[in-house]
Amino acid sequence: MRVDHLAYQRALNITVFGLLLQSAVGAVLLVFGLAVDDTPSVVAALWCLVGLVPWLGLLVVFAQHRLERLESLEEDELSGSGAAALFERSGEAIRPAARRLRQTYRWILPGFSVAFALGLVIAGWLMLAHLQSDELVVMPLTQHQGWLEAIVLAAAALSFVCSRYLAGMAAQESWRHLRAGAGQMGGMSIVLAALAVGVGFRFFDVDGVVQAVAWAIPVLMFAASLEVILSIVLNAYRPRRAGEFPRASFDSPTLSLFAQPGSVVRSINEAVNYQFGFDITSSWGYQLLLRSSLSLGGLAIVVLLLMSTVVVVGPREEGLRLRSGAIVESAESLIRPSGPFAKWPWPIETSHVWDVTTLQTLPVTPIPEGNPRYHDWREPPKLAGGEFEPAYIVRPSSLGEADPAADDQFYISRKPFAFVVPDVRLVWRIQGDSLLKYLDFVPDDRQPRQSLTQQQRSLQLIANAEMTRLFAGLRLDQVLSTDRNDLGRMLMKNIQRRLDALDAGVELVAVEVPDMRPPKDVAIKFESLPAAAQQRQQWVATAERNKVSRFTRVVGDGDLVDPVIAAIDAFEVKEEHLVEVRDAHGEDSAEAKAAKAEVDKASDEVVGLLSRGGGQAWQTIAYAERDSWLGLMRERIQASRLKSQEASWNAAPSLYRQRAIMDVYARMLPNLRKYVVGVDPSRLDLNVELREHASPNTVFSDAVSSGNPDGTEGSP
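Residues numbered from 1 in each chain as written. Predicted model: local features only at pLDDT ≥ 70, side-chain atom pairs only at ≥ 80, totals over all residues. Heavy atoms only, no water.

### Quick word on the overall build of the protein
- Along the protein, the regular secondary structure elements total 23 helices and 9 strands.
- Buried residues in the protein amount to 34% of all 716 residues.
- Across the protein, the fraction of contacts at a sequence separation of at least 24, relative to all contacts at a separation of at least 6, is 72%.
- Accessible surface computed for the protein: about 44300 Å², of which carbon and sulfur atoms make up 59%. (Helix = DSSP H or I, 4+ residues; strand = E, 2+ residues; numbered from the N terminus. Buried < 20%, exposed > 50% of the residue type's maximum accessible area, 1.4 Å probe, protein only. Contact = heavy atoms within 4.5 Å. Areas by Shrake-Rupley, 256 points an atom, 1.4 Å probe, with all protein chains shown as cover.)

### Let's talk about the pattern of salt bridges
- Inspection of every chain in the model, using the stated rule, returns 13 salt bridges.
- Between Arg 69 and Glu 68 there is a salt bridge, with the nearest N and O atoms lying 2.9 Å from each other.
- Here Lys 596 makes a salt bridge to Asp 600, at a shortest N to O gap of 2.7 Å. Separated by 4 residues within a single helix, Lys 596 and Asp 600 lie in helix 19 (residues 590–613), roughly one turn from each other.
- Overall, the relative accessible area of 32% leaves Asp 600 in the partly exposed class. (Salt bridge = Lys/Arg side-chain N within 4 Å of Asp/Glu carboxyl O.)

### Comments concerning a nonpolar patch on the surface
- Together, Ile 661, Met 662, Val 664, Tyr 665, Met 668, Leu 669 and Leu 672 give the surface a local cluster of nonpolar side chains, amounting to about 600 Å² of exposed area.
- In this structure, Val 664 sits in helix 22 (residues 653–668). (Patch = residues over 30% accessible without salt bridge, like charges linked within 9 Å, V, L, I, M, F, W, Y side chains within 5 Å.)

### Describing the side chain of Gln 22
- With respect to the element layout, Gln 22 can be found in helix 1 (residues 5–36).
- Here Gln 22 falls in the buried class, since its relative accessible area comes to 0%.
- Filtering out sequence-adjacent residues up to four positions away, Gln 22 remains in contact with Trp 47, Cys 48, Gly 51, Leu 52, Trp 55, Gln 184, Met 185 and Met 188.

### Things to note about the packing of helix 6 (residues 178–202) against helix 7 (residues 208–237)
- Interhelical geometry of helix 6 versus helix 7 gives an angle of 160° and a closest axis separation of 8 Å. By the angle between their directions, the pair helix 6 and helix 7 is classed as roughly antiparallel. Relative to helix 7, helix 6 is oriented so that their crossing is left-handed. Two secondary-structure elements touch here, helix 6 through Val 191, Ala 194, Leu 195, Gly 198, Val 199, Phe 201 and Arg 202 and helix 7 through Val 209, Val 210, Val 213, Ile 217 and Leu 220.
- For the contact of helix 6 with helix 7, the class distribution of residues is 10 nonpolar, 1 polar and 1 charged. (Axes fitted to C-alpha atoms, helices over the stretch in contact; angles between N-to-C directions. Parallel < 35°, antiparallel > 145°, perpendicular 65-115°, else oblique. Left-handed = near helix turned anticlockwise from the far one by under 90°. Nonpolar A, V, L, I, M, F, W, Y, C, P; charged D, E, K, R; others polar.)

### Section: the nonpolar core
- Ranked by internal contacts, the top residues of the largest apolar core, which has 64 residues, are Val 25, Leu 29, Trp 47, Leu 166, Leu 178, Leu 192 and Ile 217.
- Those elements that provide at least two residues to this core are helix 1, helix 2 (39–50), helix 3 (52–80), helix 4 (96–131), helix 5 (145–169), helix 6 and helix 7.
- The residues touching Leu 192, leaving out its near neighbours within four places in the chain, are Val 25, Leu 29, Val 152, Ala 155, Ala 156 and Ser 159.
- Leu 320, Phe 471, Ala 504 and Leu 508 belong to the second largest nonpolar core, which has 37 residues in total. (Core = buried A, V, L, I, M, F, W, Y, C linked by side-chain atoms within 4.5 Å.)

### Brief notes about the pairing of strand 4 (residues 339–342)
- Burial along strand 4 is one-sided: Gly 339 and Phe 341 are buried, while Pro 340 and Ala 342, pointing the other way, are not.
- As defined by bridge partners, strand 1 (residues 310–313) adjoins strand 4 across 4 bridges and the pair is classed as antiparallel. Its bridge partner being in strand 4, Val 311 is matched across the sheet by Phe 341. (Pairing = 2+ DSSP bridges.)

### Comments concerning helix 16 (residues 487–501)
- The end-to-end C-alpha distance of helix 16 is 21 Å, a good match for the 21 Å that 15 residues give at a rise of 1.5 Å each.
- Every buried residue belonging to helix 16 is among Leu 487, Gly 488, Met 490, Leu 491, Asn 494, Ile 495, Gln 496 and Leu 499, and all of these are buried.
- Structurally, helix 16 contributes buried residues whose contacts are with strand 8 (418–430), helix 14 (454–472), helix 15 (476–482) and strand 9 (506–517).
- Phi turns positive one or two residues past the end of helix 16, at Asp 503, with a value near 55°. (Expected span 1.5 Å × (residues − 1).)

### Considerations on the packing of helix 14 against helix 16
- Where helix 14 contacts helix 16, the two axes come as close as 9 Å, and the packing angle between them is 125°. Here helix 14 is positioned oblique relative to helix 16, judged by the angle of their axes. Crossing geometry of helix 14 relative to helix 16 is assigned as right-handed. Counting all contacts with helix 14, which are made through Leu 459, Ile 462, Ala 463, Glu 466, Met 467, Leu 470 and Phe 471, the residues of helix 16 involved are Leu 487, Met 490, Leu 491, Asn 494, Ile 495, Arg 498 and Leu 499.

### A word on the environment of Thr 350
- One can find Thr 350 in strand 5 (residues 349–355).
- With 41 residues separating them in the primary sequence, Thr 350 and Thr 309 have C-alpha atoms 8.8 Å apart.
- Excluding anything up to four places from it in sequence, Thr 350 contacts Leu 320, Arg 321, Leu 322 and Lys 343.

### Remarks on the environment of Asp 515
- Note on placement: Asp 515 falls in strand 9.
- On the basis of relative accessibility, which here comes to 9%, the residue Asp 515 falls in the buried class.
- In this structure the C-alpha to C-alpha distance between Asp 515 and Asp 423, which are 92 residues apart in sequence, comes to 5.1 Å.

Quick look at the structure:
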């Protein structure tokens, strides 16, 4: 084929057609997906729209080749007409289009390749982030399956025909860059065909295929971007002959295979011949296998469809026969018991079988990694998946509380709440004859980014709600100590009651609570709790012992302690009443006298009880009464003595006075210290103050401590 500007003009025209076709397909899918809220359509549209970058690169390359050919033709015409002498320059100086063509291959095509790789990475990342977002619980799928199926089938057919046409044109050396366009069309046809298959499965209420296609497209984008990046690196080091133009990096060899399926078969034949060492593909057996491959494939499909007409339900299982998502009722019931049953082949009818007897374990809280034998509260086990510690609110401990049954509002206002971190697991199974309730409760399916089914997540939420409600009514010491063994039974009762109210069709076999601990930040404080509790008990026991001992010693009889205290309280009340009556009515009023009589009666009652006990209190009262009588008798004796001396005073008062003075001298002078001064009083007027010092290291300390010479103690 003659390579001139017309050849590149034809390539430029087909490039514009491919660009417009892929743009139209991407725009239709994007508008349709956004209008009907269909995520797979939007994802496929992004693949088509990002693929426009290679078409733009081909458009620039073929346009520049066309200009270069026109420039070369003009140069040839000038050289043939003899006008070359008009120009003294040659080469790039008079061929700017050729220079721009080389710059295009050196900079512009690698730039488009880098932009294409970045576009694939960014689009794939955005799609994965959207599909994995927490807000997207269920992937939105349109209900207009027919329109979507028609659109993707038509677009896939057009893309495949265009890719085959472009692959045929790329066989020519001047059009070899069209392989990049053929690869883009082939990749688009594969994506749209897969989307068409997934949409077709939706007619049988099978949504998993189209969802898998939506997840596979971002992965395909990452793989294509990696291939482009490797091509860019390899093109930088690949040797080339002079005048040879390099292959564009966005020309994917993998996507080109989809545009030329025959090349795949040839590659497989060459690989087989190479492995066996001779031309085995030309043998009759290999050719027979190739000719019979369609028949054998069809026979295998027929056998698989016939096998899908018989379903066997195990002895511990129950099954359902479904047609377009609806349950097909048998002669007995909707549920298929153990044994085989027949149905229409897949995908007209499907079947599902559930094991209704096997026990299943569901962790309500994050499970720890491994199975440690001992849990140190300060170093709790690591949770699987790096999840956080779930803390539940409990009432504070009753340790140190005088009345654990006090009013809750008063109690809550005085102490804050506490937190505990439990490890709770449910052991459950489908309740007997309740498979339909189990299926009607919540769909038993798993979303792509979730590790649990919707049923299991619902059980977790219900269990968490009942755990929060139960723990909020328990105290910290109950959860960690006194009621620790009963937590599983209480949780099982509450959760099962809630499930029965919801008709969940789930039977709890057990609720395991293998671990219960405080949060890590406060766990260290619990180490001093046993010592503090024992010390508190010791102090209380000591105080009780001292109380009993002291009251018994004071009262004398332990059985009379409470009556004595009650009698004393009654006495104090009546005494206060007496004071109030005296202030209100006067001390000599009848009310005051009556109140005084009540006080005396209460006092006599206290004294009577104390006298029955015979303790220290009664002894003190007895001693006081004795001392009172002794003092009274002593005063009476003194009064009688003075009365007997009245006659002596009347007879001789002066003599009586002198005798009394001498009697005082006789009693007091022997106990006084006497000093003799050898000075004539007429010659000296002496005024001396004599004082003894009883403090140590003084002059009279020895004399004061030893006493007088006559054996009596000195006096100041």
